[in-house]
Amino acid sequence: AFLQGYSMVVNSLHLWSDPGAVLARELYESIGLPVDVYMYLTPPHSQSYTLHCDVMDAFMVQLSGSKTWRVCEERNYRSAPASEYKGKCQDVTLRGGDVLYLPFNMMHHAVTTDELSSHLTVNIDRQYY
């Protein structure tokens, strides 16, 4: 599936990786909110998801390669579904070492460029507290 353009995702990386566990623990100790870390490996000229919003804050940490993120205004749930979203959007390209913050409810999606991409999604579950 990976060679056909699908991302490989490691959910809850902090449960399987010592560096991921340190990141999650130190962030939790700093902010006092639940933290979940995912790792994405995405082939060139691909995307993991279509335009959507999440129910948590997220930091996108680009590890290698590059990925272009389309970041849009917050979704108004009383309007059309995400697939029909018409708000203002901006494209931002992340390269290794770059970090992008996406607040709760911010519409977004990402596509890889002509190279393999790996990034962490560091989720902060503040909406429950």
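All of these numbers come straight from a predicted model, not from anything done at the bench.

K.L.:
Please clarify how the packing of aromatic side chains should be interpreted in this entry.
P.N.:
Each aromatic ring pair is characterised by the separation of its centres together with the angle its planes make. What the rule picks out here adds up to two aromatic pairs. Seen in terms of ring centroids, Tyr40 and Tyr49 are 6.3 Å apart; in terms of plane orientation they differ by 75°. Their pairing is edge-to-face. For Tyr49, a relative accessible area of 43% corresponds to the partly exposed category. For the ring pair Phe59 and Tyr101, a centre distance of 5.0 Å and an interplane angle of 40° mean the geometry is tilted. Linking Phe59 in strand S3 (residues 57–64) with Tyr101 in strand S6 (residues 99–102), this pair joins segments that are 42 residues apart in sequence.

K.L.:
When you look at the pairing of S3 in this model, what are you seeing that I'm missing?
P.N.:
When a strand is regular, its side chains alternate between the sheet's two faces. Judged from the seven bridges that link them, S3 and strand S8 (residues 117–124) form a sheet pairing that is antiparallel. Residue pairing in the sheet places Val61 in a bridge with Leu120 of S8. For S3 and S6, the ladder comprises four bridges, and the chain directions are antiparallel. For Phe59, the partnering residue across the bridge sits in S6 and is Tyr101.

K.L.:
Sorry if this is basic, but what is going on with helix H1 (residues 18–31) here?
P.N.:
Note on helix geometry: an α-helix contains 3.6 residues per turn, so any two residues three or four positions apart are oriented the same way. With 14 residues, H1 should cover 20 Å at 1.5 Å per step; its first-to-last C-alpha distance of 20 Å lies within 8% of that length. The N-cap of H1, judged by a side-chain oxygen 3.2 Å from the amide nitrogen of Gly20 a few residues on, is Ser17. Backbone geometry just after H1 places Gly32 at a positive phi near 70°.

K.L.:
Would you mind going over the sheet that holds strand S1 (residues 8–10) with me for this structure?
P.N.:
Paired through their backbone hydrogen bonds, the strands of a sheet run either parallel or antiparallel. If you walk across this open sheet you meet the five strands as S1-S2-S8-S3-S6, and the pairing is antiparallel. Single-partner strands in this sheet number two, and they are S1 and S6. Geometrically, the sheet is characterised by an average inter-axis angle of 20° between neighbouring strands, direction not taken into account. In the packing of H1 onto the sheet, the strands contacted are strand S2 (35–42) and S8, and the crossing angle to S2 comes to about 140°.

K.L.:
Honestly, the side chain of His119 in this entry has me stumped. Any pointers?
P.N.:
Mapped onto the elements of the fold, His119 is located in strand S8. Accessibility expressed as a relative area gives 3% for His119, which makes it buried. Only 3.3 Å separates the side chain of His119 from the side chain of Lys67, close enough to count as a polar contact. Setting aside chain neighbours within four positions, we find His119 in contact with Tyr38, Met39, Tyr40, Met60, Val61, Gln62, Leu63, Lys67 and Trp69.

K.L.:
It is not clear to me how the state of the cysteines should be interpreted in this structure. Could you clarify?
P.N.:
One way to say it: the disulfide is the covalent bond shared by the sulfur atoms of two cysteines. On inspection of all chains with the given rule, the structure shows one disulfide. A disulfide bridge connects Cys72 with Cys89, and the sulfur atoms are separated by 2.1 Å. Note on the Cys72 and Cys89 pair: the S-S dihedral is about 100°, so by sign convention the disulfide is right-handed. Residue Cys72 is located in strand S4 (residues 66–74), and its partner Cys89 is located in strand S5 (residues 89–95); the two are separated by 17 residues in the primary sequence. Under the relative-accessibility criterion, Cys72 is labelled buried at 3%. For Cys89, a relative accessible area of 38% gives the class partly exposed. In this structure Cys53 is not part of a disulfide, and its nearest cysteine sulfur, from Cys72, lies 10 Å away.

The rules we used
- Residues numbered from 1 in each chain as written.
- Predicted model: local features only at pLDDT ≥ 70, side-chain atom pairs only at ≥ 80, totals over all residues.
- Heavy atoms only, no water.
- Phe/Tyr/Trp six-rings, centres within 6.5 Å; stacked < 30°, edge-to-face > 60°.
- Buried < 20%, exposed > 50% of the residue type's maximum accessible area, 1.4 Å probe, protein only.
- Helix = DSSP H or I, 4+ residues; strand = E, 2+ residues; numbered from the N terminus.
- Pairing = 2+ DSSP bridges.
- Expected span 1.5 Å × (residues − 1).
- Polar contact = N/O pair within 3.5 Å; in protein donor to acceptor, adjacent residues only side chain to side chain.
- Axes fitted to C-alpha atoms, helices over the stretch in contact; angles between N-to-C directions.
- Contact = heavy atoms within 4.5 Å.
- Disulfide = S-S within 2.5 Å.

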